[in-house]
Amino acid sequence: VEIANANQLLGKYDSSKYYYTSAIDIYLSVGDYDPNDLAIAYGNFGVLCGKMGDVINETKNFQSSYNIMKTLYAEDDPKMVPTLNNMASTFANRNLLQESASYLEEAVRILEKHNKKGSFYNRVISNLGILLTGGGELQKGYAYLMQGLKNQLSLYGEDHIDCASFYIRLAENLEKQE
């Protein structure tokens, strides 16, 4: 899986795909593996498939990862949030905005319940804001983007690079409202 991750970072998607499928096949054929490792492999492979434009296999791999994670953790465990974010991504890529929003809203609910309001929380609410804005819910999307920006500013300060994407999304949202 590490070699697959490295190849993906280098843009060598075909090599990365080979290593992910090999790792998953080995996990499944051996039968003695850490289910969390298999879930991570499926999730990473799903990200790769999304980058390659293969929405069907992106969805399939994210769903496999999600199904495994549901057996390992309580439904409101913060460890579920990256998987929920991935599921939202694949539904957004298929233009299934309501389904995507439901996964992101669940991720936000979990993070807020456990008071986990760091940079990943801000990424999730930014994704939700972008999704809602794109789906025509401009006010609600704007509110999430503003919340994310305020959180990012409190974490990093005004001049940090991680605040730039929030400024861009807010500007795009305001353009749509005019």
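Here the structure is shown first, and the text comes after it.
A brief report on the enclosed structure follows. The shown structure was predicted, so the numbers you read here are calculated from the model rather than taken from an experiment. (Residues numbered from 1 in each chain as written. Predicted model: local features only at pLDDT ≥ 70, side-chain atom pairs only at ≥ 80, totals over all residues. Heavy atoms only, no water.)

Time to look at the overall build of the chain. Looking only at helices and strands, one finds nine helices and zero strands in the chain. Going from the N terminus to the C terminus, the chain shows its helices and strands as α-α-α-α-α-α-α-α-α. Reported as C-alpha extents along the three principal axes, the dimensions of the chain are approximately 55 × 35 × 30 Å. The buried share of the chain, reckoned over its 178 residues, is 37%. Sequence-distant contacts in the chain: of pairs separated by 6 or more residues, those separated by 24 or more amount to 50%. When the accessible surface of the chain is summed, it comes to about 9700 Å², and 51% of that surface belongs to carbon and sulfur atoms. On the chain, the mean spot of the 16 positive side-chain charges and the mean spot of the 22 negative ones are 1 Å from each other. (Helix = DSSP H or I, 4+ residues; strand = E, 2+ residues; numbered from the N terminus. Buried < 20%, exposed > 50% of the residue type's maximum accessible area, 1.4 Å probe, protein only. Contact = heavy atoms within 4.5 Å. Areas by Shrake-Rupley, 256 points an atom, 1.4 Å probe, with all protein chains shown as cover. Lys, Arg positive; Asp, Glu negative; His and termini not counted. Charge placed at Lys NZ, Arg CZ, Asp CG, Glu CD.)

Before going further, it helps to spend a moment on the side chain of Q152. With respect to the helices and strands, the residue Q152 is situated in helix α8 (residues 138-156). When near neighbours in sequence (up to four residues on either side) are disregarded, Q152 contacts S119, N122, G157, D162, C163 and F166.

Take helix α4 (residues 55-72) next. Residues that lie three or four places apart on an α-helix share one face, since the helix turns once every 3.6 residues. For α4, which comprises 18 residues, the first-to-last C-alpha distance of 26 Å matches the rise-based estimate of 26 Å (1.5 Å per residue) to within 8%. For α4, the full list of buried residues reads E58, T59, N61, F62, S65, Y66, I68 and M69. Taken together, the buried residues of α4 touch α2 (13-30), α3 (35-51), α5 (81-93) and α6 (97-113). (Expected span 1.5 Å × (residues − 1).)

This next bit is on the packing of α4 against α5. For the pair α4 and α5, interaxial distance at closest approach is 9 Å and the crossing angle is 155°. Put simply, α4 runs roughly antiparallel to α5. In this structure, the crossing between α4 and α5 has a hand that is left-handed. In this structure, α4 uses V55, E58, T59, F62, Q63, S65, Y66 and M69 to contact α5, whose residues at the interface are T83, L84, N86, M87, S89, T90 and N93. (Axes fitted to C-alpha atoms, helices over the stretch in contact; angles between N-to-C directions. Parallel < 35°, antiparallel > 145°, perpendicular 65-115°, else oblique. Left-handed = near helix turned anticlockwise from the far one by under 90°.)

Within the fold, Y19 resides in helix α2. Y19 sits 118 residues away from E137 along the chain, and the two C-alpha atoms are 40 Å apart. Residues within four places of Y19 in sequence aside, it is in contact with I3, A4 and N7.

Once that is clear, we can look at the nonpolar core. Judged by nonpolar contacts, the single largest core of 34 residues is most densely connected at L84, Y103, V124 and L128. Broken down by secondary-structure element, the contributors of at least two residues to this core are α2, α3, α4, α5, α6 and α7 (119-134). Not counting the four nearest positions on each side in its chain, L128 is found in contact with A101, L104, E105, V108 and Y144. Of all hydrophobic cores here, the second largest spans five residues; its members include L145, L149, C163 and F166. (Core = buried A, V, L, I, M, F, W, Y, C linked by side-chain atoms within 4.5 Å.)

Turning our attention to the packing of aromatic side chains. Enumeration over the complete set of coordinates arrives at five aromatic pairs. On the numbers, 5.2 Å between centres and 70° between planes, the contact of Y18 with Y19 is edge-to-face. According to the relative accessible area criterion, Y18 is exposed, its value standing at 51%. Residues Y66 and Y103 carry aromatic rings whose centres are separated by 5.8 Å and whose planes lie at 85° to one another, so their mutual orientation is edge-to-face. With Y66 in helix α4 and Y103 in helix α6, the pair connects residues that are 37 residues apart, well separated along the chain. Each member of the pair, Y66 as well as Y103, carries the same accessibility label: buried. Here the aromatic cluster, defined as three or more aromatic residues joined through ring pairs, consists of Y66, F91 and Y103. (Phe/Tyr/Trp six-rings, centres within 6.5 Å; stacked < 30°, edge-to-face > 60°.)

Function-wise, these values are silent; they only describe arrangement.
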